[in-house]
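Structure at a glance
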Amino acid sequence: MMNDEDVLNEESEEIIEETEQPETEVESEDDKTANELAEIKDQLLRTMAEYDNFRKRSAREKEALRAEIITDITAKFLPVMDNLDRALSADCMDESFKKGVQMISDSFTETLKSLGVEEITSDGEAFNPSFHQAVQRVDNSDAESGTVVQTFAKGYKIGDKVIRFAMVAVAN
């Protein structure tokens, strides 16, 4: 027969066993929750990194597209600039008319500068095939061989990218 002490020991062992099982289940649930949290955190970090890469790539593409658009539009307006230069070099009896054309030309030049467009210097410079297009070779005793002596059409560039090569005559 069992005495009261044995019954108490048996009951306490059952209670201990019952309480141990839920602790194990609680620990495994905590581990499971911690693992899920770590996975979600990893996914969040990856998503943040992907978004950051997307943002940087988009900014680079936007800047490249901007430069491309400015180049294309500027190339289409350069004949207008050439015509303004021709109008300024022509003889004119009306000084106020010539002054108005000069103001338009200056305004156009300033607008090009604000877009980062620069004129390629030519006259008196050494011929550079990266910026100049030789359309004529001339004998000139005053200039060194390979020097630009006359510019037929101004060249323009944005940074190092040439929009239009300067058409020049080069000394022999």
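Now for a look at the structure at hand. What you see is a predicted model, and the numbers here were worked out from it, not measured in a lab.

**Section: the overall build of the protein chain**
- Counting secondary structure elements, the protein chain contains two helices and six strands.
- When its helices and strands are written in sequence order, the protein chain yields α-α-β-β-β-β-β-β.
- Among the 172 residues that make up the protein chain, the fraction classed as buried is 17%.
- Sequence separation of at least 24 residues holds for 59% of the intrachain contacts in the protein chain that already meet a minimum separation of 6.
- Working note: accessible area of the protein chain is about 13300 Å², and carbon and sulfur atoms make up 53% of it.

**Quick notes on the sheet that holds strand β5 (residues 161-164)**
- Strand order in this open sheet of three strands is β1-β4-β5, and the pairing throughout is antiparallel. Both outer strands of the open sheet, β1 (117-120) and β5, are each paired with one neighbouring strand and no more. Each strand axis lies, on average, 35° off the axis of its neighbour in the sheet, ignoring direction.

**Here we look at the pattern of salt bridges**
- Within the structure shown, the criterion is met by seven salt bridges.
- Close ionic contact of aspartate 52 with lysine 56 constitutes a salt bridge, the shortest N to O distance being 3.3 Å. Taken together, the residues aspartate 52 and lysine 56, both in helix α1 (residues 4-89) and four residues apart, mark about one turn of the helix.
- The exposure class assigned to aspartate 52 is partly exposed, which follows from its relative accessible area of 25%.
- Classification of lysine 56 as partly exposed rests on a relative accessible area of 42%.
- Measuring nitrogen to oxygen at the nearest pair gives 2.7 Å for the salt bridge that ties arginine 164 to aspartate 82. In this pair, arginine 164 sits in strand β5 while aspartate 82 sits in helix α1, placing the two residues 82 residues apart along the sequence.
- Residues joined by salt bridges that share partners form a network here, namely Asp52, Arg55 and Lys56.

**Structural notes on the sheet that holds strand β3 (residues 148-153)**
- Reading across the sheet, the three strands line up as β2-β6-β3 and stay open at both edges, with mixed pairing between neighbours. Because the sheet does not close on itself, it has two edges, and the strands there are β2 (132-138) and β3. Strand-to-strand, the axes of this sheet are offset by a mean angle of 30°, without reference to chain direction.
- As defined by bridge partners, β3 adjoins strand β6 (residues 166-171) across four bridges and the pair is classed as antiparallel. Directly across from valine 148, in β6, lies its bridge partner valine 170.

**Structural notes on the nonpolar core**
- Counting residues in each nonpolar core, the largest one holds 12 residues, listed as Ile70, Leu78, Met81, Leu84, Leu88, Val101, Phe108, Leu112, Val117, Tyr156, Ile158 and Ile163.
- Those residues in contact with leucine 84 that lie beyond four places of it in its chain are Val101, Ile104, Ser105 and Phe108.

**Considerations on helix α2 (residues 95-114)**
- With 20 residues, α2 ought to run about 28 Å at 1.5 Å a step, and its terminal C-alpha atoms sit 28 Å apart, in line with that.
- By the burial criterion, the buried members of α2 are Val101, Ser105, Phe108 and Leu112. The buried residues of α2 occupy one face: seen down the axis, they fall within an arc of 60°. Exposed positions of α2 whose direction lies more than 90 degrees from the buried face are Glu95, Ser96, Lys99, Met103, Lys113 and Ser114.

**Re the packing of aromatic side chains**
- Under the criterion given, the structure shown has one aromatic pair.
- Over the face of the ring belonging to phenylalanine 131 we find lysine 157, whose NZ or CZ atom lies 4.7 Å from the ring centre.

**As for the pairing of β6**
- β6 sits mainly inside the fold: five of its six residues count as buried.
- Bridge count for β2 against β6 is six bridges, and the pairing is parallel. Counted as the bridge partner of glutamine 133 is methionine 167 from β6.

Reading the values: the criteria
Residues numbered from 1 in each chain as written. Predicted model: local features only at pLDDT ≥ 70, side-chain atom pairs only at ≥ 80, totals over all residues. Heavy atoms only, no water. Helix = DSSP H or I, 4+ residues; strand = E, 2+ residues; numbered from the N terminus. Buried < 20%, exposed > 50% of the residue type's maximum accessible area, 1.4 Å probe, protein only. Contact = heavy atoms within 4.5 Å. Areas by Shrake-Rupley, 256 points an atom, 1.4 Å probe, with all protein chains shown as cover. Pairing = 2+ DSSP bridges. Axes fitted to C-alpha atoms, helices over the stretch in contact; angles between N-to-C directions. Salt bridge = Lys/Arg side-chain N within 4 Å of Asp/Glu carboxyl O. Core = buried A, V, L, I, M, F, W, Y, C linked by side-chain atoms within 4.5 Å. Expected span 1.5 Å × (residues − 1). Arc of directions from axis to C-beta. Phe/Tyr/Trp six-rings, centres within 6.5 Å; stacked < 30°, edge-to-face > 60°. Lys NZ or Arg CZ within 6 Å of the ring centre and 35° of its normal.

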